[in-house]
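Summary of the model geometry
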Amino acid sequence: MREPDRIIRLKTVLARTGLSRSTIYRKIAEGTFPAQLKISSNGTGWHESDINRWVADPVGWRQEGGFKESR
């Protein structure tokens, strides 16, 4: 049986990636880091699998199921 995907908070993301908080949010805006999920009125988190995929390949990471920009 496959384990459910955990939601991890910013403190854990910072520890796993070695990035600063401002770098994480800049990379989210650029589309080069997984976006956070709203988990409560004041809380956010990330899918652990998204962070694991980013850590494994930070340069090649792209959001699964994302859309392509048309120019």
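Here is what the cut-offs are and how they apply
Residues numbered from 1 in each chain as written. Predicted model: local features only at pLDDT ≥ 70, side-chain atom pairs only at ≥ 80, totals over all residues. Heavy atoms only, no water. Phe/Tyr/Trp six-rings, centres within 6.5 Å; stacked < 30°, edge-to-face > 60°. Helix = DSSP H or I, 4+ residues; strand = E, 2+ residues; numbered from the N terminus. Buried < 20%, exposed > 50% of the residue type's maximum accessible area, 1.4 Å probe, protein only. Contact = heavy atoms within 4.5 Å. Lys, Arg positive; Asp, Glu negative; His and termini not counted. Salt bridge = Lys/Arg side-chain N within 4 Å of Asp/Glu carboxyl O.

Turning next to the packing of aromatic side chains. How two aromatic rings sit relative to each other is set out by the distance from centre to centre and by the angle between their planes. For the structure shown, the criterion picks out 2 aromatic pairs. A centroid spacing of 5.0 Å and a plane angle of 65 degrees characterise the contact between Phe-33 and Trp-54, whose relative ring orientation is edge-to-face. Within this pair, whereas Phe-33 is found in the loop between helix H2 (21–30) and strand S2 (37–38), its partner Trp-54 is found in helix H3 (residues 48–56), the two being separated by 21 residues in sequence. Given the relative accessible area of 7%, Trp-54 is considered buried.

Moving on, we come to the environment of Trp-54. For the pair formed by Trp-54 and Pro-34, sequence separation is 20 residues and the distance between their alpha carbons is 7.6 Å. When neighbours within four sequence positions are excluded, Trp-54 is seen to be in contact with Thr-17, Leu-19, Lys-27, Thr-32, Phe-33, Pro-34 and Trp-61.

With that settled, consider the side chain of Lys-27. Take Lys-27: it is sitting in helix H2. Glu-30 provides the closest opposite charge to the buried, salt-bridge-free Lys-27, at an N-O distance of 4.8 Å. Not counting the four nearest positions on each side in its chain, Lys-27 is found in contact with Leu-19, Thr-32, Phe-33 and Trp-54.

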